[in-house]
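Residue-level structural notes
Here are the chains, one letter per residue:
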Amino acid sequence: IHFIDHHVAHAASAYYTGGYPDAVVVTLDGAGDFLSATVSRGQGGTLTRIHEVDSYNSVGNFYSYITHMLGYKAHQHEGKITGLAAYGKPIYLDQLRALVDYQRGSIHNRARAFHTAAIEKLRRIIPVDAKREDVAASIQALLEVVCVAYVRHWVQQLRLPHLTVAGGVVANVKLNQRLLAIPEVESIFVHPGMGDDGLAVGAALDITAKTRLPEERIALIGRMSDAYWGPSYDDSGIRTALDNAGLDYERPENVAESVAELLVSKKVIARFDGRMEYGPRALGNRSILVHASDPTINDWLNKRLNRTEFMPFAPVTLCEEATECYTDLEGAEHAARYMTITTGCTKILARNCPAVVHIDGTARPQLIGKDENPKYRAILEAYRARTGYSTIINTSFNIHEEPIVCTPDDAIRAFQ
């Protein structure tokens, strides 16, 4: 039995799947094994830790405190705060920086308070009548300011242009966009299982590296080619589940063409096919697909799915048309295959597919290449042939507050 440190596992998951033998490897978390952030140098297949921030000084924890204060579930609904932030103004940023801030190459809990005591200090500096949008915008701005300063300092120190990251804090896709914008950063890779679901992968990679000779470790580094690592189910199992549920069903001769026709006629598609995705993002195999040409679909779909009204829906786009739809993509092409970063949107996308453009003019795209997930890509190609658009909505196939569906029975229950 080998015991692997929490942040070592996060760092290994990012480094060995990011594709860069020489990289700055950063982990950002609420807390794990008494730490909240680390910086490592990835060089020639070996990770060497350079700096660490203990969990007492965690900026991620303060984000969770605000999540709790606004009436959401800490460690679960932080993504809602990210979506809500776009509707407000960061008018409490200075007050928050008095509690936690970047200082001299590290992150410091200036409030000298943790958990309940920190929440009490937050309540004293944020008015009771403060708009929740402004509070969300302020904590989002704080996270970006502190983490960008911290990461930039160490990128400058290590003089390596490629950044790979993991940890629950980098589930924050707006933060990742800011990290890529650091002048010294040429590219960013966010491990798709960035949260604690990725620890098992990171632990396995770390152990594998340590059992090899140093000169052999570089062979472990590879650019992650897809995230379809979960279970799949054959036709007989799916048919049995449908029969047991007493449902009528049909199998079209050409599924992609049939789905495209339904999308054009503004039907909502629940897609269950192939191996389930690894990580928190639905990447087509357990996804709900909808046309993106009508912005009112967001309100309707959110109500039907019982989801918070301000959360944007993400797009999936054919990779060869990415530059026509998105800006600031250079250096994020790999990360954007896994919906782990936001980008700016072009006027073309905003005009043709307004349902996937957030109020702040960004989107969290999934780019799908020519050699990946052929059946999923075929739907997009068939849709483009009919409409001229290469983008549709892709959101997770699940019941609200439940995990993404995994089995045929899960899919049938969620669909009904």
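Okay, so let's go over this structure.

Parameters at a glance
Residues numbered from 1 in each chain as written. Predicted model: local features only at pLDDT ≥ 70, side-chain atom pairs only at ≥ 80, totals over all residues. Heavy atoms only, no water. Axes fitted to C-alpha atoms, helices over the stretch in contact; angles between N-to-C directions. Helix = DSSP H or I, 4+ residues; strand = E, 2+ residues; numbered from the N terminus. Parallel < 35°, antiparallel > 145°, perpendicular 65-115°, else oblique. Contact = heavy atoms within 4.5 Å. Nonpolar A, V, L, I, M, F, W, Y, C, P; charged D, E, K, R; others polar. Pairing = 2+ DSSP bridges. Salt bridge = Lys/Arg side-chain N within 4 Å of Asp/Glu carboxyl O. Buried < 20%, exposed > 50% of the residue type's maximum accessible area, 1.4 Å probe, protein only. Phe/Tyr/Trp six-rings, centres within 6.5 Å; stacked < 30°, edge-to-face > 60°. Lys NZ or Arg CZ within 6 Å of the ring centre and 35° of its normal.

**Section: the packing of helix H2 (residues 59-69) against helix H6 (residues 132-158)**
Interhelical geometry of H2 versus H6 gives an angle of 175° and a closest axis separation of 10 Å. Viewed along their axes, H2 and H6 adopt a mutual orientation that is roughly antiparallel. Between H2 and H6, the residues in contact are Val59, Phe62, Tyr63 and Ile66 and Val135, Ile139, Gln140, Leu142, Leu143, Val146 and Cys147, respectively. Grouping the constituent residues of the contact of H2 with H6 by class yields ten nonpolar, one polar and no charged.

**A word on the sheet that holds strand S11 (residues 326-327)**
Each strand in a sheet pairs with another by means of backbone hydrogen bonds, the pair being arranged parallel or else antiparallel. Spatially, the three strands line up as an open sheet ordered S11-S12-S13, and their pairing is antiparallel. Looking at which strands have only one partner, the edges of the open sheet turn out to be S11 and strand S13 (362-363). Pairing geometry for strand S12 (residues 343-345) and S13, over two bridges, is antiparallel. Within the sheet, the bridge partner assigned to threonine 343 lies in S13 and is alanine 363.

**Section: unusual backbone geometry**
Glycine aside, a negative phi is what most residues show, and trans is what most peptide bonds show. In this model, aspartate 328 sits at a positive phi of 60°, which is unusual for a non-glycine residue. One non-glycine residue with positive phi stands out, namely asparagine 373, at about 45°. Its location among the elements puts asparagine 373 in the loop between strand S14 (366-368) and helix H15 (374-387).

**So, the sheet that holds strand S3 (residues 46-54)**
Pairing in this open sheet of five strands is mixed, and the strands run S3-S2-S1-S6-S7 from one edge to the other. For this open sheet the edge positions go to S3 and strand S7 (187-190), each flanked by a neighbour on one side alone. Ignoring strand direction, the axes of neighbouring strands in this sheet form an average angle of 20°. Here strand S1 (residues 23-32) pairs with strand S2 (residues 35-43) via seven bridges, running antiparallel. Across the sheet, the residue bridging to glycine 32 is leucine 35, located in S2. Lying on the sheet, helix H1 (residues 6-18) is in contact with S1, S2, S3, strand S6 (162-166) and S7; it crosses S1 at an angle near 145°. Strands in contact with helix H7 (residues 173-180) are S1, S6 and S7; relative to S7, the strand with the most contacts, it is inclined by about 155°.

**Description of the pattern of salt bridges**
Enumeration according to the criterion identifies 18 salt bridges in this entry. For arginine 49, the salt bridge goes to aspartate 5, with nearest N and O atoms at 3.1 Å. Of the two residues, arginine 49 is situated in strand S3 and aspartate 5 in the segment before H1; the sequence distance between them amounts to 44 residues. Linked by salt bridges that have partners in common, Glu320, Glu321, Arg377, Glu381 and Arg384 make up one network.

**A few points about the pairing of S6**
The element S6 is extensively covered by neighbouring structure, given that five of its five residues are classed as buried. Residues His162, Thr164 and Ala166 line one face of S6 and the alternating positions Leu163 and Val165 line the opposite face, and both faces are buried. Direction of pairing for S1 relative to S6: parallel, over a ladder of four bridges. Bridged to valine 25 within S6 is threonine 164.

**Focus: the packing of aromatic side chains**
Counted according to the given criterion, the structure contains six aromatic pairs. When the ring of tryptophan 229 is compared with that of tyrosine 278, the centres are 4.6 Å apart and the planes differ by 15°; the resulting orientation is stacked. One end of the pair, tryptophan 229, is in the loop between helix H9 (214-217) and helix H10 (235-244); the other, tyrosine 278, is in the loop between strand S8 (269-272) and strand S9 (286-290), and 49 residues separate them in sequence. Residue classification places tyrosine 278 among the buried residues on the basis of a relative accessible area of 12%. With 6.1 Å between their ring centres and 35° between their planes, tyrosine 233 and phenylalanine 272 make a pair best called tilted. Placement of tyrosine 233 in the loop between H9 and H10 and of phenylalanine 272 in strand S8 is noted, with a sequence separation of 39 residues between them. Looking at arginine 286, its charged tip hangs above the ring of phenylalanine 272, at a distance of 4.0 Å from the centre.

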